[in-house]
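Below, each chain spelled out in residue letters.
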Amino acid sequence: MEVKNLQEEVAYNTEVLEALQSAIRDLRRRIEEITRQARSLEDIDPKAVSQGLKDIQALIPQCAKAENTLNESRNKQAGIARGHHALDLDRARAEIGCKLDRLRRCGPPTTVS
């Protein structure tokens, strides 16, 4: 998938995560139905139970991965890199300029350009 900008990336990752969460909700309903059948001593299809467990085991890691990808996209969009806020270069430039101005006022005129 080619992403044009971070907003589209976040939207796409949100959509993927929501689809996976929906699939997990459906599996949960199937398991609740199987549990109800077991409690009422109805016959339970072992293949349905086995398939449900396999589906859950496959979906949970996919959901976790999608959630991590979405969080990374949101962090990129917010300007956060590797768990830390990205540098605000404009602010840093302004602070350096102010400090240089103070140095110019305090010292001899030829020492600070």
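Parameters and conventions
As a convention, each chain's residues are numbered from 1 in the sequence order in which they are written. With pLDDT at 70 or above as the cut-off, local features in this predicted model cover only qualifying residues; side-chain atom pairs require 80 or more to be listed or tallied, and sums for whole chains, interfaces and linings still use all residues. Where side-chain values are given, they derive from all heavy atoms of the structure, hydrogens and water being excluded. Per the convention used, a helix needs a DSSP run of H or I reaching at least four residues, while a strand needs a run of E reaching at least two, with both numbered from the N terminus. Here the term buried applies to any residue with accessible area under 20% of the maximum for its type, exposed to any over 50%, and partly exposed to those in between, with areas from a 1.4 Å probe on protein chains only. The criterion used for residue contact is that any of the two residues' heavy atoms lie within 4.5 Å. Reported accessibility uses the Shrake-Rupley method at a 1.4 Å probe radius. Residues are deemed covered only where the shown protein chains occlude them. Expected helix span is computed as 1.5 Å times (number of residues minus one). Among buried residues, those of type Ala, Val, Leu, Ile, Met, Phe, Trp, Tyr and Cys that are joined through side-chain atoms within 4.5 Å constitute a nonpolar core. Surface patches are defined over residues having more than 30% relative accessible area and no salt bridge, joining like charges when they lie within 9 Å and nonpolar side chains (Val, Leu, Ile, Met, Phe, Trp, Tyr) when within 5 Å. When a carboxyl oxygen of Asp or Glu is within 4 Å of a side-chain nitrogen of Lys or Arg, the pair counts as a salt bridge.

The next point concerns the overall build of the protein chain. Helix and strand counts for the protein chain come out as three helices and two strands. In the protein chain, the order of α-helices and β-strands from amino to carboxyl end is α-α-β-β-α. Among the 113 residues that make up the protein chain, the fraction classed as buried is 13%. Considering only intrachain contacts with a sequence separation of at least 6, the fraction spanning at least 24 residues in the protein chain is 62%. With the model as given, the accessible surface of the protein chain reaches about 9,300 Å², and the carbon-plus-sulfur share is 54%.

With that out of the way, let us pick up helix H1 (residues 6-39). In a regular helix each residue adds 1.5 Å, so 34 residues correspond to 50 Å; H1 covers 49 Å between its end C-alpha atoms and thus fits that length. Listed in full, the buried residues belonging to H1 are Glu 9, Val 10, Asn 13, Thr 14, Leu 17, Leu 20, Leu 27, Ile 34 and Gln 37. Those residues of H1 that are buried lie in contact with helix H2 (46-78). Trailing H1 by a residue or two, Leu 41 shows a phi angle of about 60 degrees, which is positive.

On to unusual backbone geometry, then. Not every positive phi belongs to a glycine, and Leu 41 is a case in point at roughly 60 degrees. Checked against the element boundaries, Leu 41 lands in the loop between H1 and H2. Under the relative-accessibility criterion, Leu 41 is labelled exposed at 76%.

Okay, the nonpolar core next. Grouped together as the largest cluster of nonpolar side chains are eight residues: Val 10, Leu 17, Leu 20, Leu 27, Leu 59, Cys 63, Ala 66 and Leu 70. For this core, the elements supplying multiple residues, two or more each, are H1 and H2. In this structure Leu 59 touches Leu 20, Ala 23, Ile 24 and Leu 27, once residues within four positions along its chain are discounted.

Together, Ile 96, Leu 100 and Leu 103 give the surface a local cluster of nonpolar side chains, amounting to about 260 Å² of exposed area. Relative to the helices and strands, Leu 100 is located in helix H3 (residues 89-106).

For the rest of this paragraph, the subject is the pattern of salt bridges. If you walk through the whole model with that rule in mind, you get eight salt bridges. A salt bridge links Arg 30 to Asp 55; its shortest N-O distance comes to 3.3 Å. Here Arg 30, found in helix H1, pairs with Asp 55, found in helix H2; they are 25 residues apart in sequence, far enough to count as distant. The structure contains a network of salt bridges with shared partners spanning Glu 33, Arg 36 and Glu 42.

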